[in-house]
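Geometric and topological summary
The primary structure of each chain is shown beneath.
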Amino acid sequence: MRRPSRHRRSRFLAALLPLLLGLSVAPPAAYAVPPSHSKTLPPPISNGASSFDAALYNPAILRISLSEAKGKTANPQADAFLDLTLVPPEGEVQGYRSEMSLKRFNELLRELYRQLASQSQLNVSDLSSPARQLYSILFQPVVEQIEKQRITTLLISADAGLQAVPFAALHDGQTYLGERYGLGLTPALGLTKLAVLPEKAKPQLLAVGASKFVGLNPLPLVPQELDRVGRGESTQLFLNRSFTPEILLEKAGDPLTDRVHVATHAEFLPGGAAAARLYSGTGPMSLAQLAQLRQRRGDTQLDLFSLSACRTALGDADSELGFAGLALQAASRSAIGSLWYVDDVATSALFVQFYRFLYRGIPNAEALQYSRPAMPSGTMRLVGDQVIGSGGDVLLSGLTMAQQRRIDGGLQNPFFWAGIVLLGTPW
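Right, let's walk through the structure included here. (Residues numbered from 1 in each chain as written. Predicted model: local features only at pLDDT ≥ 70, side-chain atom pairs only at ≥ 80, totals over all residues. Heavy atoms only, no water.)

Observations concerning the side chain of S65
The residue S65 is located in strand 2 (residues 59-68) in this model. Setting aside anything within four residues of it in sequence, one finds S65 in contact with F81, L82, D83, D159 and L162. (Helix = DSSP H or I, 4+ residues; strand = E, 2+ residues; numbered from the N terminus. Contact = heavy atoms within 4.5 Å.)

With respect to the nonpolar core
Core analysis: the biggest nonpolar cluster contains 113 residues, and F139, L154, F167, L170 and L248 have the highest contact counts within it. Broken down by element, the residue count for this core peaks at 10 residues, all from helix 10 (residues 344-359). Dropping the residues within four chain positions of it, L248 is found in contact with L206, V208, F243, G253, V260, V262, L278 and M285. Listed in part, the nine residues of the second largest apolar core include Y57, V93, L155 and V196. (Core = buried A, V, L, I, M, F, W, Y, C linked by side-chain atoms within 4.5 Å. Buried < 20%, exposed > 50% of the residue type's maximum accessible area, 1.4 Å probe, protein only.)

What about the pairing of strand 18 (residues 420-424)?
Within strand 18, five of the five residues are buried, which leaves it mostly tucked inside the rest of the structure. Inspection of the sheet shows strand 14 (residues 334-338) paired to strand 18 by five bridges, in the antiparallel sense. Considered in strand 18, the bridge of S338 is made with I420. (Pairing = 2+ DSSP bridges.)

Side note on the pattern of salt bridges
The tally for this structure, following the rule as stated, stands at 12 salt bridges. Put simply, E107 and R104 hold a salt bridge, and the shortest N to O gap is 4.0 Å. A residue pair is termed a helical-turn pair when its members lie 3 or 4 positions apart in one helix, as E107 and R104 do in helix 2 (residues 102-117) at three residues. E250 is the partner of K251 in a salt bridge, and the nearest nitrogen-oxygen pair spans 3.9 Å. In this structure E250 comes out as partly exposed when scored by relative accessible area, which is 42%. (Salt bridge = Lys/Arg side-chain N within 4 Å of Asp/Glu carboxyl O.)

Some words on helix 6 (residues 222-229)
Among the eight residues in helix 6, six count as buried, and that is most of the element. Turning to helix 6, its buried residues number three or more, namely V222, Q224, E225, L226, R228 and V229. Summarising the contacts, the buried residues of helix 6 are in contact with strand 7 (204-209), strand 8 (234-239), strand 9 (259-263), strand 13 (304-308), helix 10 and strand 17 (394-396).

Comments concerning the packing of aromatic side chains
Each pair of aromatic rings is reported with the distance of its centres and the angle of its planes. All chains considered together, the criterion is met by eight aromatic pairs. Look at F354 and Y355: their rings are 5.3 Å apart centre to centre, the planes differ by 85°, and that puts the pair in the edge-to-face class. Ring centres of Y355 and Y359 lie 6.2 Å apart, and the angle between their planes is 50°; this geometry places the pair in the tilted category. Placement of both Y355 and Y359 in helix 10 is noted, with a separation of four residues, approximately one turn of the helix. Three or more aromatic residues joined by ring pairs make a cluster, and in this case those are Y135, F139 and F167. A cation over an aromatic ring shows up here: R97 above the ring of F81, its NZ or CZ 4.4 Å from the ring centre. (Phe/Tyr/Trp six-rings, centres within 6.5 Å; stacked < 30°, edge-to-face > 60°. Lys NZ or Arg CZ within 6 Å of the ring centre and 35° of its normal.)

Observations regarding helix 4 (residues 140-148)
Along helix 4, seven of the nine residues are buried, which leaves the element largely enclosed by surrounding structure. Every buried residue belonging to helix 4 is among Q140, P141, V142, V143, Q145, I146 and E147, and all of these are buried. Taken from the residues just after helix 4, R150 is the one with a positive phi, measuring 55°.

Quick look at the environment of A418
Inspection of the secondary structure assignment puts A418 in the loop between helix 12 (401-407) and strand 18. Along the backbone, A418 and W340 are 78 residues apart, and their C-alpha atoms lie at a distance of 9.6 Å. The contact partners of A418, leaving out residues within four places of it in the chain, are A168, A169 and W340.

Side note on the environment of W340
Within the secondary structure layout, W340 lies in the loop between strand 14 and helix 10. The exposure class of W340 is buried, given its relative accessible area of 8%. Taking the C-alpha atoms as reference points, W340 and P166, separated by 174 residues in sequence, lie 9.7 Å from one another. For W340, the side chain forms a polar contact with the main-chain oxygen of F415, separated by 3.0 Å. (Polar contact = N/O pair within 3.5 Å; in protein donor to acceptor, adjacent residues only side chain to side chain.)

Structure (structure tokens):
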């Protein structure tokens, strides 16, 4: 990845400083009329192929916060203020405030989740659809500035209650947000490492997973997934009985390890980290144990911790970002998890495609961005018993008839790809 110039980085961090310190920024402007698209952005990736241009890489931070405002709003139906703060790589911090109804917002979010869970059409041609309405509420006020400055990547800092929004599935009337931008999500800017790390010629990957369990459904694609995500890097691979809690902590705790990929069952029960369980090949481990990685690694953080497991990003009220949030707290600059119970065939294929883009030197958020449209565009497709990805790469093979039937109708619905989210540093 092309590192931002020292001048651009200093300007970016100077603009960000007030947010990190909790200081006020320019007064939010009232927003009444949504601007039209200015068409200044390059077209979104539509065929899953990488067209990453380092010269055009242009990240920004979008802070989204909610505050109660019952009795303080001009609109009697509104009971909250939504504040959007855009921190561009250059120029002034932009602030916007609007009024909203929390009841209406939650109704839209529940309906969007219902459509995704049932793999229904999102009806994005309809202005009143949840995907369109949520986009209008959360992004329309800042889209003019984002397009004017040709922003390519957004690090979204969202308050609790907003972190479960499937941002990638929001739609602007032309395309999904997750296809147009590289997206990262963080619960706290102050805990997010924004520095650009020097590139490694051959990053070290730890790939661990389990396909056989006692009392849980098998995950037969895990062996393939581990093997294929490991191609292109120096990889240590531990499968089933060789994947133990001790191995994960020892190897991920080694400062020489750069990336960790875990493919297994997981569950997040009420009670936070102590109740969360990740299933190794020899039994469950508490996610509270991940805290040991910080002590083991010292000042050297992991670049990426990806969890190909069920519903890893969304936990209980004590930890809305679930497993991936714990990975961030433990010792990783970035983490990937899922917002809902995912289809294992589509998820394995998406992760293999994601790592193929990473191996080409594409930043984390863009690698995920380019992997998403490969599904709805048909670039990632079922051919016989194989899933074929960008450039004709075989992502998975030897699928059973039952596995083929699950994705035979195509992967167009955002259910298959919008729930995979990147947390933490997007570059």
